[in-house]
Amino acid sequence: MTERKPPGVSFETWVDSQIAQGLERGDFDNLPGAGKPLPRRSLDESAYEWVLEKARQENLDVFGMLPPGLALRKERDDLPRRAAALPSETAVRALADDYNDRVRAFWRRPQESRWSPLPGLADVDALVSEWLDSRPEPEPAPPPPAAPVRRRRFPWRRRPRD
């Protein structure tokens, strides 16, 4: 529909005439969901819940919809789970340092609002100690086998006889 509303015609009249013309052409015939009621939303469902449900249906990343400060807070809460999958203490420290660098960069940027959530830094040492505590104790190494004691025999010595 590219035609413009003519001047001097109210919007209701113009829209009603467009709908009537579409019905005459058959534009509304055989539409999916024709003759079925619209899906009912519960009255206590908020717009936020609707957006989350829609994002899940379309396999979208929900964290991408959050404001940057809140997304960083959520990421900080998720750091222990991500650290648990890492193989070494160095990797855990690198993960936390990367997060802290991004938080510091966020602090330096001007904020959209003074009520924007401000994320805090991750406690690197606490994260590492939690990671170390979740590691199983290494099994003690078996003691090295004792070397057999060999007696040296001196051919020039004779054993006393009984």
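Residues numbered from 1 in each chain as written. Predicted model: local features only at pLDDT ≥ 70, side-chain atom pairs only at ≥ 80, totals over all residues. Heavy atoms only, no water.

A few points about the overall build of the chain
Put simply, the test is: The secondary structure listing takes helices from DSSP runs of H or I that are at least 4 residues long and strands from runs of E that are at least 2 residues long, numbered from the N terminus. Taken over C-alpha atoms, the radius of gyration is set against a globule rule of 2.2 Å times the number of residues to the power 0.38. The buried label goes to any residue with under 20% of its type's maximum accessible area, the exposed label to any with over 50%, and the partly exposed label to all in between, with areas taken from a 1.4 Å probe on protein chains only. Only four residue types enter the tally: Lys and Arg on the positive side, Asp and Glu on the negative side; His and the chain ends are excluded. Charged side chains are reduced to one point each, which is NZ for Lys, CZ for Arg, CG for Asp and CD for Glu.
In terms of helices and strands, the chain carries 5 helices and 0 strands. Counting helices and strands in the order they occur from the N terminus, the chain gives α-α-α-α-α. Taken over the C-alpha trace, the chain has a radius of gyration of 37 Å; the compact-globule value for 162 residues is 15 Å, which it surpasses by more than 25%. Viewed in the frame of its principal axes, the chain has a C-alpha envelope of about 135 × 45 × 35 Å. Expressed as a percentage of its 162 residues, the buried residues of the chain come to 15%. In the chain, which carries 28 positive and 27 negative side-chain charges, the distance between the mean positions of the two groups comes to 18 Å.

A word on the pattern of salt bridges
Here is the rule we go by: Think of a salt bridge as a Lys or Arg side-chain nitrogen and an Asp or Glu carboxyl oxygen that are within 4 Å of each other.
Evaluated as defined, the whole model comprises 9 salt bridges. Here Asp-78 ties to Arg-81 by a salt bridge, and the two come within 2.8 Å at their closest N and O atoms. In this pair, Asp-78 and Arg-81 both sit in helix α3 (residues 68-84), 3 residues apart, roughly one turn of the helix. In this structure, the salt-bridge partner of Arg-93 is Asp-125, at a minimum N-O distance of 3.4 Å.

A word on the environment of Val-62
Spelled out, the test is: Note on contacts: a residue pair is in contact if any heavy atoms of the two residues lie within 4.5 Å.
Here Val-62 lies in the loop between α2 (47-57) and α3. Discounting residues that sit within four places of it in the chain, Val-62 has contacts with Leu-52 and Ala-55.

Brief notes about the confidence of the model for the chain
Quick note on the threshold: What pLDDT reports is the predictor's confidence in each residue, on a scale of 0 through 100.
A residue-level look at the chain finds 90% of positions with pLDDT of 70 or above and a mean pLDDT of 83. Mean pLDDT per element in the chain: α2 is the minimum at 81, and helix α4 (residues 89-108) is the maximum at 93.

Observations regarding the packing of α3 against α4
Each pair of packed helices can be described by the angle between their axes along with the distance between the axes. Defined as follows: The axes are straight lines fitted to the C-alpha atoms, using for helices just the contacting stretch, and the angles between their N-to-C directions are given from 0 to 180°. Throughout this description, any angle smaller than 35 degrees is read as roughly parallel, any larger than 145 degrees as roughly antiparallel, any in the 65 to 115 degree range as roughly perpendicular, and the remainder as oblique. Think of it as three bins: nonpolar holds Ala, Val, Leu, Ile, Met, Phe, Trp, Tyr, Cys and Pro, charged holds Asp, Glu, Lys and Arg, and polar takes everything else, Gly as well.
At their nearest, the axes of α3 and α4 sit 11 Å apart, and the two run at 175 degrees to each other. Our classification of the angle between α3 and α4 gives roughly antiparallel. Only Val-92, Leu-95, Tyr-99, Arg-102, Val-103 and Phe-106 of α4 make contact with α3, whose side of the interface consists of Pro-68, Gly-69, Leu-72, Arg-73, Glu-75, Arg-76, Leu-79, Arg-82 and Ala-83. Of the residues assigned to the contact of α3 with α4, the class counts are 9 nonpolar, 1 polar and 5 charged.

Some words on the nonpolar core
To keep things clear, this is the line we draw: Residues belong to one nonpolar core when they are buried, are Ala, Val, Leu, Ile, Met, Phe, Trp, Tyr or Cys, and are joined through side-chain atoms within 4.5 Å.
Membership of the largest hydrophobic core comes to 14 residues, with the highest contact counts inside it found for Leu-72, Leu-79, Ala-83, Val-92, Tyr-99 and Leu-127. For this core, the leading source of residues is α4, giving 6 residues. Not counting chain neighbours up to four residues away, the residues in contact with Leu-72 comprise Tyr-99, Arg-102, Val-103, Phe-106 and Pro-119.

Examining the packing of aromatic side chains
For the record, the criterion: Aromatic rings from Phe, Tyr and Trp, with only the six-membered ring used for Trp, were paired whenever their centres fell within 6.5 Å, and each pair was classed as stacked if the ring planes differed by under 30 degrees, edge-to-face if by over 60, and tilted otherwise. We call a charge positioned above a ring when the Lys NZ or Arg CZ atom is no farther than 6 Å from the ring centre and deviates by at most 35 degrees from the ring normal.
Counted according to the given criterion, the structure contains 0 aromatic pairs. The ring of Phe-11 carries Lys-5 above its face, with NZ or CZ at 4.9 Å from the centroid.

Side note on helix α1 (residues 11-25)
Here is the rule: Helix span, as expected, comes to 1.5 Å for every residue beyond the first. Comment: arc refers to directions from the helix axis out to C-beta atoms.
Spanning 15 residues, α1 covers 21 Å between terminal C-alpha atoms, matching the ideal 21 Å at 1.5 Å per step. Of all the residues in α1, the buried ones are Trp-14, Gln-18 and Gly-22. Relative to the axis of α1, the buried residues are bounded by an arc of 75 degrees and lie together on one face. For α1, exposure combined with an orientation more than 90 degrees from the buried face picks out Glu-12, Asp-16, Leu-23 and Glu-24. Two residues or fewer past α1, Gly-26 is found with a positive phi of approximately 90 degrees.

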